[in-house]
Amino acid sequence: MKVTFYGTRGSIPTPGETTVKYGGNTACVLIEADNKKLIFDAGTGIKKLGEELASNNEPVTIVLSHNHWDHIQGFPFFIPAYQKNRLINIYSAPTQPIEHNAILEQMDMSTFPVPSKDLTADINIIPLMNEFENMIINGLCVSAIKINHPNGGLAYKISHNSKVVAYVTDNEIYSKDNLNTDFDSWVAFLSDVDCLVHDAQYTDLEMPLKLGWGHSSIDQAIKLAKAAKIKVLILYSHAPERTDKELDKFISDIQFDDLQIIASQEGKTHEV
Ligand SMILES: [Zn+2]
């Protein structure tokens, strides 16, 4: 399996000289195996992915973790949505309130010039259930569990040929306000995972001011990865103010014999 990052940033796009290396686009990850592709989230990173996909007419499958802007705001700029006869299936996680069409409805107000009814692709929204196991989505086996996040949403596990990748973003592992999945349940869900992409927006020092915001610290993500005996942890959803220098330092300071830790970086592909 291959995991490629198109957007690594949480909350808001952060272009600038301090984010050149790890990237400033919001959430978008391509997971692929045997030419079967799943796009996780449609933050601003999906624009570049759309440019790459524009040259063919393969069906596109997008799986959304939730509807916060940084996970859907790139879709109005996704070229395949404007291609005639292009099939786009969007699997939408249940949120509070349930708004499976939010990715399209964001285009239907005075905030965007093209209403969603003018998109020429054949777009289907497929509502997902709260939790599920081994659902085949575009040929890949996907399981889901609820994230601990304001307005809810889902984390996913993708399996193919005995390799397993998990996409767990916008998740406050030790949430008090939005606890849907406790630590032990995360460990159980992730127990067969080889590569974990997990929210690591903050540091432990920053965490006390961010409680209830629905994100985890780098150390909390590491603790979970170790408990679940993960081999590779990819830190994701970097804080908007996090600089390349800081991420470089975190990564050089935290490495373990039994756990490889990587900071997600726009444009980088990881083989699992
Ligand atoms: Zn969110």
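Since the model is a prediction, treat every value here as computed from it, not as a measurement.

### Describing the sheet that holds strand β1 (residues 2–7)
Ordered by their spatial adjacency, seven strands build an open sheet running β6-β5-β4-β3-β2-β1-β14, and the pairing between neighbours is mixed. One side of each edge strand has no neighbouring strand; the edge strands of this open sheet are β6 (122–127) and β14 (269–271). Neighbour-to-neighbour, the strand axes of the sheet open up by a mean angle of 20°, direction not taken into account. In this structure, β1 lies alongside β14, joined through three bridges in antiparallel fashion. Bridged to Val3 within β14 is His270.

### Overview of the environment of Ala227
Among the secondary structure elements, Ala227 is positioned in helix α5 (residues 218–227). Note on Ala227: 14 C-beta atoms within 10 Å, which makes it partly exposed. Separated by 40 residues in sequence, Ala227 and Val187 have C-alpha atoms that sit 6.3 Å apart.

### A word on the sheet that holds strand β10 (residues 163–168)
Working definition: the strands of a sheet are paired by backbone hydrogen bonds and lie parallel or antiparallel to each other. The seven strands lie next to each other as β7-β8-β9-β10-β11-β12-β13, forming an open sheet whose pairing is mixed. A single partner strand is all that each edge strand has here, and the edge strands are β7 (132–137) and β13 (260–263). If you compare each strand with its neighbour and ignore which way they point, the axes differ by 20° on average. Inspection of the sheet shows strand β11 (residues 195–199) paired to strand β12 (residues 232–236) by five bridges, in the parallel sense. When the bridges of β12 are listed, Val197 appears paired with Ile234.

### A closer look at unusual backbone geometry
Here the bond from Gln96 into Pro97 is cis, since omega is -5°, no more than 30 degrees from zero. Of note, Pro97 is situated in the loop between β5 (87–92) and α3 (102–105). Phi is positive for Asn85, which is not a glycine, with a value near 65°. For Asn85, a count of 8 C-beta atoms within 10 Å gives the class exposed. The backbone of Asn134 sits at a positive phi, close to 55°, despite the residue not being glycine. Checked against the element boundaries, Asn134 lands in strand β7. We classify Asn134 as exposed; it has 9 C-beta atoms within 10 Å.

What counts, and at which threshold
Residues numbered from 1 in each chain as written. Predicted model: local features only at pLDDT ≥ 70, side-chain atom pairs only at ≥ 80, totals over all residues. Pairing = 2+ DSSP bridges. Helix = DSSP H or I, 4+ residues; strand = E, 2+ residues; numbered from the N terminus. Axes fitted to C-alpha atoms, helices over the stretch in contact; angles between N-to-C directions. Buried ≥ 20, exposed ≤ 12 C-beta atoms within 10 Å, placed from the backbone.

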